[in-house]
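# Structural features, examined
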Amino acid sequence: MVECQKCLDPTSLGLFMVAVVSLPLAVLMLWNDPVLGVVPTANFFKLLGIMIIGVALLAYRSDSNFGFVVFALVGAAVAMTGYGMGPLENITFAIVFILAIIWSLLAKTPKVLSLILVTTALIFLTVGLSDPSIIGGDYWHWIIGIVALFNFLFNIYLAYALALENKLPIV
């Protein structure tokens with residue numbers, strides 16, 4: 001077995017996985033065509049949520065406290081989506097992601113990482129608020145779709161920037 005001299009940071013993998021979750025959500029919300037009949041399954045969210053929690057454990061092993069906490073929260077939220085999380089749970093995750101934004105700003109992480117947390121918080125907030133028992137309405141799918149699309153783009157950008165090791169600026 002070959003030992004590597006450098007421990008690989010799992011952040012890029014986690015960001016790619018979050019992007020994989022965000023794009024189908026964006027397409028579903030923006031397309032909004034019941035004839036299409038293609039939606040991400042509950043198992044899709046369950047499996048990717050569990051995989052993102054695995055990335056959190058890798059971040060822990062890499063001594064990345066922020067990565068561990070954020071990926072564990074994202075993984076739990078994505079998995080809970082697959083298990084049928086309700087509106088209050090969505091809003092609670094949104095509040096916790098807002099607190100993570102504050103931590104991100106205090107820790108002076110890259111600005112795009114803070115933007116990812118903003119869009120993540122907005123996704124869970126808008127999904128929670130869109131429930132008819134909270135606010136409801138026919139317009140929420142546009143907001144959720146646009147925010148999920150930005151979440152996808154920010155995650156892909158930062159994932160590439162980290163994977164390419166400084167060939168793209170990390171802002």
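My aim in this report is to walk through the structure given alongside it, one point at a time.

Cut-off values and rules
Numbering of residues starts from 1 in every chain and runs along the sequence as written. Note on the predicted model: pLDDT of at least 70 is required for a residue's local features to be given, and 80 or more for side-chain atom pairs to be given and counted; whole-chain, interface and lining totals, by contrast, use all residues. Side-chain measures here rest on the full set of heavy atoms in the structure, leaving out hydrogens and waters. Strands here mean DSSP runs of E at least two residues long; helices mean DSSP runs of H or I at least four residues long; both are numbered from the N terminus. By the convention used here, residues are in contact when the closest approach between their heavy atoms is within 4.5 Å. For Phe, Tyr and Trp, rings pair up if their centres lie within 6.5 Å, where Trp contributes its six-membered ring, and each pair is then called stacked (planes under 30 degrees apart), edge-to-face (over 60) or tilted (otherwise). Burial classes follow relative accessibility: with a 1.4 Å probe on protein chains only, a residue under 20% of its type's maximum area counts as buried, one over 50% as exposed, and anything between as partly exposed. Take the buried residues of types Ala, Val, Leu, Ile, Met, Phe, Trp, Tyr and Cys, join any two whose side-chain atoms come within 4.5 Å, and each joined set is a nonpolar core. Take the number of residues in a helix, subtract one, and multiply by 1.5 Å to get its expected span. For helices, the axis comes from a line fit to the C-alpha atoms of the stretch in contact; other axes are also lines fit to C-alpha atoms, and the angle between any two N-to-C directions lies between 0 and 180 degrees. Roughly parallel means an angle under 35 degrees; roughly antiparallel, over 145; roughly perpendicular, 65 to 115; everything else is oblique. Left-handed describes a crossing whose near helix is turned anticlockwise from the far helix by less than a right angle; the clockwise case is right-handed. Residues are grouped as follows: Ala, Val, Leu, Ile, Met, Phe, Trp, Tyr, Cys and Pro are nonpolar; Asp, Glu, Lys and Arg are charged; every other residue, Gly included, is polar.

## Examining the side chain of Thr119
Mapped onto the fold, Thr119 is located in helix H5 (residues 111–129). Sequence-distant contacts of Thr119, that is, excluding residues within four places in its chain, are made with Val147, Phe150, Asn151 and Phe154.

## Observations concerning the packing of aromatic side chains
For the structure on display, the rule yields nine aromatic pairs. A ring pair is formed by Phe16 and Tyr160, whose centres lie 5.5 Å apart and whose planes are at 75°; its orientation type is edge-to-face. Of the two residues, Phe16 is situated in helix H1 (residues 11–31) and Tyr160 in helix H6 (residues 140–163); the sequence distance between them amounts to 144 residues. A relative accessible area of 27% places Phe16 in the partly exposed class. Relative accessible area serves as the criterion here: at 42%, Tyr160 is assigned to the partly exposed category. Here the aromatic rings of Phe44 and Phe45 are separated by 5.3 Å at their centres, their planes lie at 80°, and the arrangement is edge-to-face. Connected via pairs of aromatic rings, a cluster forms that spans Phe93, Phe97 and Phe124.

## Looking at the nonpolar core
Counting 29 residues, the largest nonpolar core has Ile52, Phe71, Val74, Phe97, Leu117 and Phe124 as the members making the most contacts within it. Secondary-structure elements contributing two or more residues to this core are H1, helix H2 (42–61), helix H3 (65–82), helix H4 (87–106), H5 and H6. Setting aside residues up to four positions removed in sequence, Val74 forms contacts with Val18, Ile52 and Phe97. In terms of nonpolar packing, the next biggest core, distinct from the first, is built from eight residues, Leu25, Met29, Ile144 and Ala148 among them.

## Structural notes on H3
The terminal C-alpha atoms of H3, which comprises 18 residues, lie 26 Å apart, in line with the 26 Å expected from a rise of 1.5 Å per residue. Taken together, the buried positions of H3 are occupied by Phe66, Gly67, Val70, Phe71, Val74, Gly75, Ala77, Val78, Ala79 and Gly82. At the exit of H3 stands Gly84, carrying a positive phi of roughly 90°.

## A word on unusual backbone geometry
Positive phi outside glycine occurs at Asp63, with the angle close to 60°. Among the structural elements, Asp63 can be located in the loop between H2 and H3. Residue Lys108 is not a glycine yet carries a positive backbone phi of 60°. Summarising the element assignment, Lys108 is placed in the loop between H4 and H5. In this structure Lys108 comes out as exposed when scored by relative accessible area, which is 72%.

## Re the packing of H4 against H5
Relative to each other, H4 and H5 sit at 165°, their axes nearing to 7 Å. It follows that H4 is roughly antiparallel to H5 by the angle criterion. The element H4 and its partner H5 pack so that their crossing is left-handed. Two secondary-structure elements touch here, H4 through Pro87, Asn90, Ile91, Phe93, Ala94, Phe97, Ile98, Ala100, Ile101, Ser104 and Leu105 and H5 through Ser114, Leu117, Val118, Thr120, Ala121, Phe124, Leu125, Val127, Gly128 and Leu129.

## A closer look at the packing of H3 against H4
Direction vectors running N to C along H3 and H4 enclose 165°, while the axes themselves pass 11 Å from each other. When the axes of H3 and H4 are compared, the pair comes out roughly antiparallel. Crossing of H3 against H4: the hand is left-handed. Facing Asn65, Phe66, Val69, Leu73, Val74, Ala76 and Ala77 of H3, the residues of H4 in contact are Phe93, Val96, Phe97, Ala100, Trp103 and Ser104. Each residue belonging to the contact of H3 with H4 can be placed in one class, and the counts come to eleven nonpolar, two polar and no charged.

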